[in-house]
Each structure stands twice: as structure tokens, then as C-alpha cells.
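# Inside the fold
Spelled out from the first residue to the last, the chains are:
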Amino acid sequence: MTTDVFGKGAQPGSWGRRARCQLAAVVVSSLVLTGCASGTDAVASGETFDFVSPGGQIEIFYDPPADRQKIAPMSGPEVVDPEATVAVADFPGEVVLINLWGQWCAPCRTETDDLQRLQDKYQTQGFTNLGVNLRDPNRQKPVDFIKDNGVTYPSIWDPSQAAVAALHGFPTSVVPATLILDKQHRVAAVYLAEVTDTQLEPVIERLLAEPAESDAA
């Protein structure tokens, strides 16, 4: 089941300084993807997280934690360092924000500063961003973007979409998109549009405050 975390008394963060991408099509019986981002509800089923599209939401929250599902193993070559491999499993016990992005995507460029601010603020508390760079076959372009914008968190270079396949059924045509994993790397929140730091901070802080798996046992 999905539950809006803000329905429990907190208020969602401001949309910030910039306009959000709007849904450009009506979802009838399937997910219609146009513009920079659109999307629907997501549910978890089975042993690992699977994305389906029964509704029209672009922000989805999974509570209680027992309802969450882990993603399948995700890894791939690091964008900047072609000799390195980066994986979600590299961050055990940490809250991980997965951001699907491309240097060709204007909203992705806009939200980069916000994601870097989150990295700077929470990385010492057990949090990291992990980018997944999509549809950039010329590796040098995302490398230049990362360096020019002072991005310090890693990104997987995924022109073949092999890494993002771990997000079973996730609509890779929705870019940017963001998933936040809890300390057990279960999907706790999904955003199918551009995000801001103020919008995500309450969710990140709540997940950081949750007990680790060993503490919860």
C-alpha cells in the first residue's frame, strides 16, 4: 500500500524557486509520457520493487516501512572514472537517493544544485546521492557537466539502461526521476518530476531517523 507521509502531520516542502514540470498527458489505461516528466502511482510487489502505473500521482510514499520492497542489485561504470564501478550496495546501511538524469535534460540541470546541497548537508549522517546517467552515449558530455557543476556524488553511466533495469518496470523515459531508498535499500519514496532540496529534506531526515535493520530486529 502507498501512504502519503505528509498526511501524518508534516507539510510537504515548498516547490522552491522554480516551476515544476507539468503532466502533459492524461493517464487513461497506461502510462503516457511526454515532456520532461510525467508519471503515475507505483506499487511494490513480490520480493523486489516493481513499478506499475494505476493512477496519476507524481509523488508516491511507502509506509509503513514493512510495506517497502528492496530494489534489485544495481551497479554500473562510474561516469567520471571509466575504471571504477559503483553500486547501491557500496552504501550499506545508508539512505540512498537515486536520481535518473541526463546532461541534455533542462530540469536535470536545474535540480543539480539542489541535489548537491543535499549531499553536502547529509553525507556525514549516512546519506548519499547516486546518479544514473541515461541516454548520453557520448560519455564526455556528462563528464564535463559533472566537473563544470562541482558535483561530488557518483553517477552510473548507463547509456544501455542495463543498470536502471534493476528498477523493474520503471519508466526510463521519465527524466528526471528520483527514488529514495531507506537504510535497508527499500524504496520509500518516488518522484516523477524535478525535485528541490527543501522538498526532499523532510523525507530524508525521517528516513535517517529510522532504525537500521539490526536495530529494528
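Residues numbered from 1 in each chain as written. Predicted model: local features only at pLDDT ≥ 70, side-chain atom pairs only at ≥ 80, totals over all residues. Heavy atoms only, no water.

So, about the pattern of salt bridges. If you walk through the whole model with that rule in mind, you get nine salt bridges. The closest approach of N and O atoms between Asp 63 and Arg 206, which form a salt bridge, is 3.1 Å. Placement of the pair is Asp 63 in the loop between strand E1 (59–61) and strand E2 (75–77) and Arg 206 in helix H3 (residues 197–209), with a sequence separation of 143 residues. Classification of Arg 206 by relative accessible area gives partly exposed; the value is 23%. The partner of Asp 114 in a salt bridge is Arg 117, with the nearest N and O atoms 3.3 Å apart. Placement of the pair is Asp 114 and Arg 117 together in helix H1 (residues 106–122), with a separation of three residues, close to one helical turn. Using a relative accessible area of 1% as the deciding quantity, one classes Asp 114 as buried. One network of salt bridges, in which partners are shared, links Asp 63, Arg 68, Asp 182, Arg 186, Arg 206 and Glu 210. (Salt bridge = Lys/Arg side-chain N within 4 Å of Asp/Glu carboxyl O. Helix = DSSP H or I, 4+ residues; strand = E, 2+ residues; numbered from the N terminus. Buried < 20%, exposed > 50% of the residue type's maximum accessible area, 1.4 Å probe, protein only.)

Read these as spatial facts, not as claims about activity.
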